[in-house]
Amino acid sequence: MGIINVTPDSFYAESRVNDTDTIKRRVATMIEEGADWIDLGGYSSRPGAEDVSPQEEIDRLAAGMQAIRSVNADIPVSIDTFRAEVAETSITQLDADIINDISGGNLDDRMFDTVAKLNVPYILMHMRGTPSTMSSLDRYNDVTAEVLAELSAKIERLSLLGVKDIIVDPGFGFAKNVEQNYTLLRNLKLFNILDRPLLVGVSRKSMIYRPLDITPQQSLNGTTVINTISLLSGAAILRVHDVKEAAEAVKIINLTYRQ
């Protein structure tokens, strides 16, 4: 999953694209390098990022979708949003395919019903609080057990509403400190008990650059290491800024273990 952020303030500056030509070039490169789908975001979840109205988010996404579809009419596109209104508009009017909700339904109580009505795949990520408060909500007795329990309860709710295609994301970096992130990574195989495709999104995050005392720009190698660990633990989808390196990791894992 290649990340395209049509925002001015995403945490990784190189992922920000705000004009049509740049989006087109980035998407074309990602597809050439092996992206299976594009994840498009119009609202930064970085702590301290500016709040934008639903209409501003939709306007950003509309421009991004137009650019993506001009490059490839068929590649699946997920929309990174926690707002039901934005999700519905993206599917019904902007030709998107999947909803990727960082809040797992926490920030808009209409989201689950909306996804059920739209009958589209839904990426259920674990987070507590909001992007601005999540860093203070990282108290767990057992981070792995509690994240699994919270995701499992939401899968049950979604299933009762008729949502069939659910992808789970443990939410690395969202309401988890560095140590907790690595505990989740160490226990990642346990998430296979949810019997849903597992998505891992660690690309250039602080769990990599803080303990290594480097910057997001210097975090590609660490990202690839964690992506490899994740693949060996059963991850089905990697959400990345750097498609070429992730695709190479997938190919090498497949050559080694899945022939």
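The paragraphs below set out a description of the structure included in this document. Along each chain, residue indices are assigned from 1 in the same order as the chain's sequence is written. The predicted origin of the model limits local features to residues at a pLDDT of at least 70 and limits the giving and counting of side-chain atom pairs to 80 or more, whereas totals for whole chains, interfaces and linings rest on all residues. No hydrogens and no water enter the side-chain calculation; it runs on all heavy atoms of the structure.

1. Examining the side chain of Thr-81
Right, on to step 1. Within the secondary structure layout, Thr-81 lies in the loop between strand S3 (77-80) and helix H3 (84-92).
Right, on to step 2. By relative accessible area, Thr-81 is classed as buried at 1%.
Right, on to step 3. Engagement of the side chain of Thr-81 in a polar contact is seen with the backbone nitrogen of Arg-83, the distance being 3.2 Å.
Right, on to step 4. Note on contacts: a residue pair is in contact if any heavy atoms of the two residues lie within 4.5 Å. Every residue in contact with Thr-81, bar those within four places of it in the chain, is listed here: Glu-57, Val-86, Ala-87, Ile-99, Asn-100, Asp-101, Ile-102 and Met-111. The helix and strand labels rest on DSSP assignments: H or I over at least four residues marks a helix, E over at least two residues marks a strand, and numbering proceeds from the N terminus. When accessible area is computed with a 1.4 Å probe and restricted to protein chains, residues below 20% of their type maximum are described as buried, those above 50% as exposed, and intermediate ones as partly exposed. Definition of a polar contact: a pair of N or O atoms within 3.5 Å, with one able to donate and the other able to accept a hydrogen when the atoms are protein atoms, and with sequence-neighbouring residues admitted only if both atoms are side-chain atoms.

2. So, the pattern of salt bridges
Right, on to step 1. Just to be clear on terms, a salt bridge is a Lys or Arg side-chain nitrogen sitting within 4 Å of an Asp or Glu carboxyl oxygen. One pass over the full model with this rule turns up twelve salt bridges.
Right, on to step 2. For the salt bridge of Lys-117 with Glu-88, the shortest nitrogen-to-oxygen distance reads 2.9 Å. Taken together, the residues Lys-117 in helix H4 (residues 111-118) and Glu-88 in helix H3 connect sequence positions 29 residues apart.
Right, on to step 3. Among the residues examined, Glu-88 registers a relative accessible area of 27% and is labelled partly exposed.
Right, on to step 4. Several salt bridges share partner residues, and in doing so they unite Asp-39, Asp-80 and Arg-239 into one network.

3. Digging into the nonpolar core
Right, on to step 1. Residue types Ala, Val, Leu, Ile, Met, Phe, Trp, Tyr and Cys, when buried and joined through side-chain atoms within 4.5 Å, form a set referred to as a nonpolar core. Ile-38, Leu-40, Tyr-122 and Phe-191 are the most contacted members of the largest nonpolar core, which has 68 residues in total.
Right, on to step 2. Here this core gets six residues from one element, more than from any other, and that element is helix H5 (residues 143-160).
Right, on to step 3. Apart from the residues lying within four places of it in its own chain, the contact partners of Ile-38 are Gly-2, Ile-4, Val-27, Met-30, Ile-68, Ile-75, Pro-76, Val-77 and Ser-78.

4. Observations concerning the sheet that holds strand S1 (residues 2-5)
Right, on to step 1. By the convention used here, strands pair only if DSSP detects at least 2 bridges between them. With parallel pairing, the six strands of this open sheet are ordered in space as S1-S2-S3-S4-S5-S6. The open sheet terminates on both sides in strands that have one partner only, identified here as S1 and strand S6 (166-169). Sheet twist, expressed as the average angle between the axes of neighbouring strands with direction ignored, equals 25°.
Right, on to step 2. Sheet topology places strand S2 (residues 38-41) next to S3; four bridges connect them, and they run parallel. The residue of S3 that forms the bridge with Gly-41 is Asp-80.
Right, on to step 3. Against the sheet, H5 contacts strand S5 (122-125) and S6, and its axis sits at roughly 150° relative to S5. Every axis corresponds to a line fitted to the C-alpha atoms, with the helix fit spanning only the stretch in contact, and the corresponding angles, defined between N-to-C directions, vary from 0 to 180 degrees.

5. Overview of the pairing of S3
Right, on to step 1. Alternating residues of S3 divide into Val-77 and Ile-79 and Ser-78 and Asp-80, and every residue in both groups is buried.
Right, on to step 2. Of the pairings in the sheet, the one linking S3 to strand S4 (residues 98-101) comprises three bridges and is parallel in character. In the sheet register, Asp-80 faces S4, and the bridge partner there is Asn-100.
Right, on to step 3. This β-α-β element, S3 to H3 to S4, shows right-handed connectivity. Here a crossover is taken to be right-handed if, once the strands point away from the viewer, the path from the first strand over the helix to the second is traced clockwise.

6. Side note on the pairing of S4
Right, on to step 1. Burial along S4 is two-sided: Ile-98 and Asn-100 facing one way and Ile-99 and Asp-101 facing the other are all buried.
Right, on to step 2. On the question of chirality, the crossover connecting S4 to the parallel S5 by way of H4 is right-handed.

7. Quick word on the packing of helix H1 (residues 20-33) against helix H2 (residues 54-71)
Right, on to step 1. With their axes 9 Å apart at the nearest point, H1 and H2 run at an angle of 50° to one another. Judged by the angle between their axes, H1 and H2 are oblique. In terms of crossing hand, the pair formed by H1 and H2 is right-handed. Residues Thr-20, Ile-23, Lys-24, Val-27, Ala-28 and Ile-31 of H1 form the contact with H2, whose participating residues are Gly-64, Ala-67, Ile-68, Ser-70 and Val-71.
Right, on to step 2. Residues of the contact of H1 with H2, tallied by class, amount to seven nonpolar, three polar and one charged. To sort the angles, those under 35 degrees are grouped as roughly parallel, those over 145 as roughly antiparallel, those from 65 to 115 as roughly perpendicular, and the leftovers as oblique. Each crossing gets its hand from how the near helix is turned against the far one by less than a right angle, where anticlockwise is left-handed and clockwise is right-handed. Three categories are distinguished: nonpolar for Ala, Val, Leu, Ile, Met, Phe, Trp, Tyr, Cys and Pro, charged for Asp, Glu, Lys and Arg, and polar for the others, with Gly belonging to the last.

8. Description of the packing of aromatic side chains
Right, on to step 1. The aromatic pairing rule takes the rings of Phe, Tyr and Trp, using the six-membered ring of Trp, and pairs them if the centres are within 6.5 Å, calling planes under 30 degrees apart stacked, those over 60 edge-to-face and the rest tilted. All told, the structure shown has two aromatic pairs when counted by the stated rule.
Right, on to step 2. For the ring pair Tyr-43 and Phe-82, a centre distance of 5.1 Å and an interplane angle of 80° mean the geometry is edge-to-face. Of this pair, Tyr-43 sits in the loop between S2 and H2 while Phe-82 sits in the loop between S3 and H3, and the two are 39 residues apart along the sequence.
Right, on to step 3. Classification of Tyr-43 as buried rests on a relative accessible area of 17%.
Right, on to step 4. Taking relative accessible area as the criterion, Phe-82 reaches 12% and is therefore assigned buried.
Right, on to step 5. For the ring pair Phe-112 and Tyr-122, a centre distance of 5.8 Å and an interplane angle of 80° mean the geometry is edge-to-face. Pair noted here: Phe-112 is in helix H4 and Tyr-122 is in strand S5, with a separation of ten residues, a long-range link.
Right, on to step 6. Look at Phe-112 and you get buried, because its relative accessible area is 4%.

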